[in-house]
Protein chains: 2
Amino acid sequence: MQKPSIPKGTRDFSPEEMAKRNYIFDTIKEVYKLYGYRQIETPAMENLSTLMGKYGDEGDKLLFKILNSGDYLSKISNEDLEEKNPAKTAVKISERGLRYDLTVPFARYVVMHRNEITFPFKRYQIQPVWRADRPQRGRYREFFQCDADVVGSDSLLNEVELVQIIDEVFNRLNIRVCVKLNNRKILSGIAEVIGEAEKIVDITVAIDKLDKIGLEKVNEELTSKGVSDEAIQKLQPIIKLSGTIDEKFATMREVLATSNIGTEGIKEMEYIFNSLEIMNVACDVELDLTLARGLNYYTGAIIEVKALDVEIGSITGGGRYDNLTGIFGMPDVSGVGISFGADRIYDVLNQLDLYPDKFGNATDVLFVNFGEKEVMHILPIVTKLRTNGIRSEIYPDSAKMKKQMTYADNNHIPFVAMIGENEIEENKVMLKNMKSGEQKAYATDELIATLIDATKK
Amino acid sequence: MQKPSIPKGTRDFSPEEMAKRNYIFDTIKEVYKLYGYRQIETPAMENLSTLMGKYGDEGDKLLFKILNSGDYLSKISNEDLEEKNPAKTAVKISERGLRYDLTVPFARYVVMHRNEITFPFKRYQIQPVWRADRPQRGRYREFFQCDADVVGSDSLLNEVELVQIIDEVFNRLNIRVCVKLNNRKILSGIAEVIGEAEKIVDITVAIDKLDKIGLEKVNEELTSKGVSDEAIQKLQPIIKLSGTIDEKFATMREVLATSNIGTEGIKEMEYIFNSLEIMNVACDVELDLTLARGLNYYTGAIIEVKALDVEIGSITGGGRYDNLTGIFGMPDVSGVGISFGADRIYDVLNQLDLYPDKFGNATDVLFVNFGEKEVMHILPIVTKLRTNGIRSEIYPDSAKMKKQMTYADNNHIPFVAMIGENEIEENKVMLKNMKSGEQKAYATDELIATLIDATKK
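Residues numbered from 1 in each chain as written. Chains lettered and ligands numbered in written order. Predicted model: local features only at pLDDT ≥ 70, side-chain atom pairs only at ≥ 80, totals over all residues. Heavy atoms only, no water.

### Some remarks on the interface of chain B and chain A
Then step 1. Each partner contributes to the interface: chain B provides 109 residues, whereas chain A provides 109 residues.
Then step 2. Interface of chain B and chain A: buried area, both sides summed, is about 9200 Å²; carbon and sulfur atoms make up 60% of it.
Then step 3. At the boundary of chain B with chain A, the tally comes to 12 salt bridges.
Then step 4. If you look at where chain B meets chain A, you find 44 residue pairs in polar contact (both at pLDDT 80 or more).
Then step 5. At eight residues, the largest contribution of residues to the side of chain B that touches chain A is made by helix H1 (residues 15-34) of chain B.
Then step 6. When its residues are assigned to classes, the side of chain B that touches chain A shows 50 nonpolar, 34 polar and 25 charged. (Contact = heavy atoms within 4.5 Å. Buried area = accessible area lost by both parts, 1.4 Å probe. Salt bridge = Lys/Arg side-chain N within 4 Å of Asp/Glu carboxyl O. Polar contact = N/O pair within 3.5 Å; in protein donor to acceptor, adjacent residues only side chain to side chain. Helix = DSSP H or I, 4+ residues; strand = E, 2+ residues; numbered from the N terminus. Nonpolar A, V, L, I, M, F, W, Y, C, P; charged D, E, K, R; others polar.)

### As for the domain arrangement of chain A
Residue and element names in this part refer to chain A.
Then step 1. Looking at the assigned domains, one finds that chain A contains domain 1 (15-35 + 104-352), domain 2 (45-98) and domain 3 (365-456).
Then step 2. Its C-alpha centre places domain 1 at a distance of 33 Å from the equivalent point of domain 2.
Then step 3. Counting residues at the interface gives 10 residues for domain 1, matched by eight residues for domain 2.
Then step 4. Taking both sides of the interface into account, the surface hidden between domain 1 and domain 2 amounts to around 900 Å²; carbon and sulfur atoms contribute 72%.
Then step 5. Three residues, Val104, Trp130 and Ala132, lead the burial of domain 1 against domain 2; their summed loss comes to 54% of the area buried on that side.
Then step 6. The interface formed by domain 1 and domain 2 holds one salt bridge in total. (Domains from an automatic or database assignment.)

### Looking at the relation of the copies chain B and chain A
Then step 1. Turning chain B through 180° and shifting it by 0.0 Å along the axis lays it on chain A, with an RMSD of 0.1 Å. A rotation of that kind, with that shift, is consistent with a two-fold axis. Across chain B, the rotation axis passes nearest the C-alpha of Ile66(B), at a separation of 2.2 Å.
Then step 2. Comparing contact sets, 100% of the residues at the interface of chain B also lie at the interface in chain A, consistent with an isologous, same-surface contact. (Least-squares fit on C-alpha atoms with pLDDT ≥ 70 in both.)

### Remarks on the pairing of strand S5 (residues 121-130) of chain A
Residues and elements named next belong to chain A.
Then step 1. Judged by how many residues are buried, S5 sits mostly within the fold: 10 of 10 residues are covered.
Then step 2. One ladder, built from two bridges, connects strand S1 (residues 38-39) with S5; its direction is parallel. Each residue of the ladder has a partner; that of Arg38, found in S5, is Arg123.
Then step 3. Both S5 and strand S6 (residues 142-151) contribute to a ladder of 10 bridges, which runs antiparallel. If you follow Lys122 over to S6, its bridge partner there is Val150. (Buried < 20%, exposed > 50% of the residue type's maximum accessible area, 1.4 Å probe, protein only. Pairing = 2+ DSSP bridges.)

Written as structure tokens, this is what we have:
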């Protein structure tokens, strides 16, 4: 018989791993709810017509496609076999695919349910997505996204709140982070002023190296990328941008004075930084003009979060997009959103050993099974404990003591209760603290009080 | 542009529907944990070699199969096209499928992780499953299962606990139920005693009609199904079984005296009923010899739950199986489990209008947006509320008052806070109770106390 296995790039989650994952998800959910975001879920399968063409050619290839039920074979012709174009034939024999992200299904949801939704619509969604990527260390074919988006509101308050949410989540998780902000409009303004619109990515990449290679080398790199001397001259104050945040804004206002869009971008960022100051955000928030993620869809603010104490890529990202639902025939719906990278956050918590002490203990107390007679005496006591919210187990078989204690140990159960003949006679329960080894006999009511006290904190 | 849609038989879950679904799942989870069950999750995709042949020919057809990435086309030959056998060709171009239930992936999990697991292993799992069934009212192609199983223990205490869990869950959900119990061994005993092993399903079906058609007609039906007169004679005490549970057991003991397996089944059921009595289970628990679900896999206790106040099929079921993991080469692992039917429970709660009042309110209070100046004044107040755990929103745009109030209404937000010029001057917040219409001005600290009191109960 063949040994069972699971598909490459997928994972089982053991009880211990689930406890860690739930700790992250529950923290994020709790904060999303605190800010009035409401949960939705969409099906794992979407019609391929919904998914195809939304993620570029590369994305189309990475979609998991589901074979049509029934007589798909008759849809394949001899010509198809000869032509050897798997992508072209796939659409004949597959109408559905697994979702690739949560954004496109959300856009589809908004358009389909537009008449039931009260806008602005603040939704969060935590579900797995699937990509037929080559599996690598830290990259999976099934992984979770944790998105929050507001659609139907242009207000910058949404951006402010999303940064607050980021701050609050990482604060609760005890991860020190820096939030980097940029604005697509400022980048467009820079491009406009120096007249090199198509070189904006080269420019941000070069500026990003200032600390490492110095101003002279940055300017050389810009020249080598074909940026004109005049443009490089104009860029100097931006490249050397420094001082307080207000000084930075002043410099930028000057450089971008002739660009409407650039000036608008600066105004937006000033509003966001001012509001965050009033809101007393705890984490570092930085203006970072080299931040150029998602340039092909973000139209306003761009958000990226870095962990301060671990070398790892961005652990959360987001931004504003102006036309989420246009692809489905509903134009002019502006949105802004963020997505927590659950897998990377999981890695950070593991590396820094930041999981709290007690979160994983499913069970508070295990009752040792000494045999039939003892069990019958135990049953009503255990019922009483459970009524009081104490997570309790009776070891189901009257196995050897050692086996039962190993069970408690391996499952991280902090207390073991023993009721033998003596205890039955005295109507007591012997409670052993598995960490300290301490043992003490209690009446049932004392036992309940002790366990509530010890486990609920 | 085509209108977006979702695949037949799948569903979106709106915030209101999510709140209802979470209410059910959270209740079940909480009780599972109270009894020491630990959560696992498995990937949506399994290798087809894991899934195929486990659900019968019909089940194999209902598996959603995922098209292999890359050059699957070259695996199809001209002969395949001519032979027109989609099932045979499918295994050449598809190696993975979506899980069909949680039981087979769990068996696969236990075998793969046998060295990390401490047995007995009490696990619960709440995840969607997919079946390419013809969609109908109340039957979906994507739906959730909520399973709990214990593997690696023969103890009947597990059966007792599972009935307690059922009792506790429906008690918390306020659904009145009857738990019906039977035992495969008793049915085998009956078959053995009357010498008609292969007719056991016909016999249970006929007995089930006693109340409706009377003893004479039941006997006629048995005759028409080919059961011998002698067998029918022997069956009479079982068909007419009545009296207290102890009297029933006494009658059965007599009838099945010559059958070892039947006698063992009766002993098991007596133990379970006795223990449930000691445990003070609240719901009706009934011995029902006509219960014959899952005869091809259950080997001991059979469990089924009926709602008392709604006409609907079984809303939870389960039983003991002796060889869960044998299919994957790990023999002799006994297990017993139950599965809550989330979709039917959802329907029952809707029909009886049993959802609690407050569960769906994501947000406690909405701050009306009167404009920039007022918002800047509001920001630190809202931060303070959130720090106190009060779910708070600021309407992001300074829209018309009517629009903002409609937003609060449609999202079931119970309180609206208003801070206009007067309130800023007096450092107060005007709070409106959206249900009573009552308005009152509060200082921030009073506001917090009031909202905590009103929303947290």
